[in-house]
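So the chains spell out like this:
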Amino acid sequence: MALIVHKYGGTSMGSTERIGLVAKRVAKWARAGHQMVVVPSAMSGETNRLLALAKELAPQRQTKAYARELDMLASTGEQASVALLAIALQAEGMDAVSYTGWQVPIKTDSSFTKARIESIDDARVRADLAAGRVVIITGFQGIDADGNITTLGRGGSDTSAVAVAAAMKADECLIYTDVDGVYTTDPRVVAEARRLNTISFEEMLEMASLGSKVLQTRSVEFAGKYKVPVRVLSSFTPWDIDLQEEAASGTLITIEENVNMEQAVVSGIAFNRDEAKISLLGVPDTPGIAFKILSSVSAANIDVDMIIQNLSKDGKTDFSFTVHRNDYARALDVLQEQVAPALGASEVIGDPKICKVSIVGIGMRSHAGVASKMFESLSAEGINIQMISTSEIKVSVVIDEKYMELAVRALHKAFDLDAEAA
Ligand code: ADP
Ligand code: ASP
Ligand code: MG
């Protein structure tokens, strides 16, 4: 008997029919003798629907101003899901109970809309499991020290599930979704993408943080930190397939590096359309300039991703960086109104129509020339690179958004990731 956590995403919970199928699948696992904790997301579209209602009532206000209420609102999507799943399981003849984040409780900090889990008290859940119940816990939400409901950021149910699995020392956390595993790149963008049987935790972390939304980045961090075995698999297989077959399907995130494994140089390609670029032209090239620019941006609570400073000419230089597209207008304001006049910069220009494309692979550690191969294949497509950043296991470039799919396809092919034609 094992303790297993299942997580079901929005599409998997998308209708009462689908919830019924989730209940049958969970019941199959419970009847096989496993202790089951299930963490569902809101039904697909529900979180967006709720957030849009809020926007309708406060179109001019920044969402930050009412973040607490947004969490109160958005958390209801998952509350409905857990109740419906418990009802469906009971209809299947299973003993099942649903809990919201505050009932467990899952304690978080107070950063509304992007809270971090601090602790999980598993006593109540353990007592239910011991009594033979399936326990269903809301994804995406928790409670802060003052009793406010918080949410963990979009896609946060992944993190709830892995955190619950970590806290309970579960044998495995299975993330059921609408694709049958982690692919070399988003299979909805590149038809030739291949499913990976395994991916190292480090690579998955890079892929997620560079834009592959198949798993929320924080969930991968939890998996690595607490050594939780995580598997991504499809909820769209027939619910009654053989349990062993199901348990071995999808993609396993591996924690230990398998040194004997034939390691591809590049394992996957991630992309992100959520960024925007801002450049400050003609700033004096003197000590403290980067600090002055970036500290003003950070004082406005805006995170900066890539940064590039050009060579100086006549004591002046250009300085560019990227921010999340949601922060673009605000960042531009800060630079135009505060930073540029203070530093005597000649101009502030911005471009929200960019994207970041990244190649990821632990194989890069032992191979030279990976970046130049990337640049070569982008140039062969006539794609101009605007910014570059590298780390030990990734190379990212910023390019014009309109070339994103072309770039991802070209790189997928150049690094031999395309699936063999059937
Ligand atoms: P869920 O609602 O189950 O959490 P998500 O939409 O958050 O599902 O994540 C699954 C989606 O992630 C897939 O439908 C796919 O389009 C996208 N995706 C992006 N990159 C990848 C990748 N490398 N492998 C698999 N899926 C990916
Ligand atoms: N329902 C939340 C969202 O749409 C959390 C999740 O699905 O993981 O972001
Ligand atoms: Mg998701």
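The text that follows walks through the structure, step by step, so that each part is easy to find. Values in this document were obtained by computation on a predicted structure and should not be read as measured data. (Residues numbered from 1 in each chain as written. Chains lettered and ligands numbered in written order. Predicted model: local features only at pLDDT ≥ 70, side-chain atom pairs only at ≥ 80, totals over all residues. Heavy atoms only, no water.)

## Side note on the site of ligand 1
Around ligand 1, the structure places 17 residues, and the nearest of them are Thr177, Asp178, Tyr183, Asp186 and Arg188. Here an oxygen atom of ligand 1 and a side-chain polar atom of Asp178 are 2.8 Å apart. Measuring from a nitrogen atom of ligand 1, one finds a backbone N or O atom of Tyr183 at 2.8 Å. Look at ligand 1: alone it shows 570 Å² of surface, and the protein chains cover 84% of it. Of the residues that constitute the shell around ligand 1, the class distribution is six nonpolar, six polar and five charged. (Near = heavy atom within 4 Å. Polar contact = N/O pair within 3.5 Å; in protein donor to acceptor, adjacent residues only side chain to side chain. Areas by Shrake-Rupley, 256 points an atom, 1.4 Å probe, with all protein chains shown as cover. Nonpolar A, V, L, I, M, F, W, Y, C, P; charged D, E, K, R; others polar.)

## Here we look at the pairing of strand β13 (residues 268–272)
Within a regular strand, the side chains alternate between the two sheet faces. Taken across its five residues, β13 has five buried, putting it largely inside the fold. Every second residue of β13 is oriented toward a common face, with Gly268, Ala270 and Asn272 on one face and Ile269 and Phe271 on the other, all of them buried. (Buried < 20%, exposed > 50% of the residue type's maximum accessible area, 1.4 Å probe, protein only. Helix = DSSP H or I, 4+ residues; strand = E, 2+ residues; numbered from the N terminus.)

## A closer look at the environment of Ala131
Position of Ala131 relative to the elements: it lies in the loop between α4 (123–130) and β6 (134–137). The class for Ala131 is partly exposed, based on a relative accessible area of 45%.

## Regarding the nonpolar core
The tendency in soluble globular proteins is for nonpolar side chains to be buried side by side. Val5, Val37, Cys173 and Met204 are the most contacted members of the largest nonpolar core, which has 44 residues in total. Among the elements that take part in this core, helix α5 (residues 157–167) stands out by supplying six residues, more than any other. One finds Ala27, Val38, Leu85 and Ala96 within the second-largest nonpolar core, a separate group that totals 26 residues. (Core = buried A, V, L, I, M, F, W, Y, C linked by side-chain atoms within 4.5 Å.)

## Focus on the packing of aromatic side chains
Centre-to-centre distance and the angle between the planes together describe a pair of aromatic rings. Summed over all chains, the structure comprises three aromatic pairs. Note on Tyr8 and Tyr176: the rings are 4.7 Å apart at their centroids and 10° apart in plane angle, and the pair reads as stacked. Of this pair, Tyr8 sits in strand β1 (residues 3–8) while Tyr176 sits in strand β9 (residues 172–177); the two residues are 168 residues apart in sequence, bridging distant segments of the chain. Tyr176 gets classed as buried once you look at its relative accessible area, which sits at 0%. Here the guanidinium or amino end of Arg18 rests over the ring plane of Phe236, the centre of that ring lying 3.8 Å away. (Phe/Tyr/Trp six-rings, centres within 6.5 Å; stacked < 30°, edge-to-face > 60°. Lys NZ or Arg CZ within 6 Å of the ring centre and 35° of its normal.)

## A look at the pattern of salt bridges
Summed over all chains, the structure comprises 21 salt bridges. Its salt-bridge partner being Lys24, residue Glu92 comes within 2.9 Å of it at the nearest N-O pair. In this pair, Glu92 sits in the loop between α3 (67–91) and β3 (96–99) while Lys24 sits in helix α1 (residues 16–31), placing the two residues 68 residues apart along the sequence. Note on Lys24: relative accessible area 28%, which makes it partly exposed. A salt bridge links Asp95 to Arg133, with the shortest nitrogen-to-oxygen separation between them at 3.4 Å. Taken together, the residues Asp95 in the loop between α3 and β3 and Arg133 in the loop between α4 and β6 connect sequence positions 38 residues apart. Counted as one network, the salt bridges with shared partners bring together Arg25, Lys28 and Glu246. (Salt bridge = Lys/Arg side-chain N within 4 Å of Asp/Glu carboxyl O.)

## Thoughts on the site of ligand 2
If you check the shell around ligand 2, you find Ser41, Ala42, Thr47, Glu78, Phe140, Arg154, Gly155, Gly156 and Ser157 and nothing else. One of the side-chain N or O atoms of Ser41 is found 3.2 Å from an oxygen atom in ligand 2. A distance of 3.4 Å separates an oxygen atom of ligand 2 from a polar atom in the backbone of Gly156. Here ligand 2 loses 86% of its free accessible area of 260 Å² to cover by the protein chains. Across the shell around ligand 2, the residue classes tally to two nonpolar, five polar and two charged.

## Quick look at the packing of helix α11 (residues 370–380) against helix α12 (residues 404–414)
Each packed pair of helices is defined by two parameters, the angle between the axes and the distance between the axes. The N-to-C vectors of α11 and α12 enclose an angle of 130°; their axes lie 9 Å apart at closest approach. Of the possible angle classes, the one that applies to α11 and α12 is oblique. Here α11 and α12 pass one another in a crossing that is right-handed. Residues Lys373, Met374, Ser377 and Leu378 of α11 touch α12, and the partners they reach there are Ala407, Leu411 and Ala414. For the contact of α11 with α12, the residue count by class is five nonpolar, one polar and one charged. (Axes fitted to C-alpha atoms, helices over the stretch in contact; angles between N-to-C directions. Parallel < 35°, antiparallel > 145°, perpendicular 65-115°, else oblique. Left-handed = near helix turned anticlockwise from the far one by under 90°. Contact = heavy atoms within 4.5 Å.)

## Digging into the side chain of Asp71
In this fold, Asp71 is placed in helix α3. The side chain of Asp71 is buried and forms no salt bridge, while Arg68, the nearest opposite charge, is found at 8.8 Å. (Lys, Arg positive; Asp, Glu negative; His and termini not counted.)

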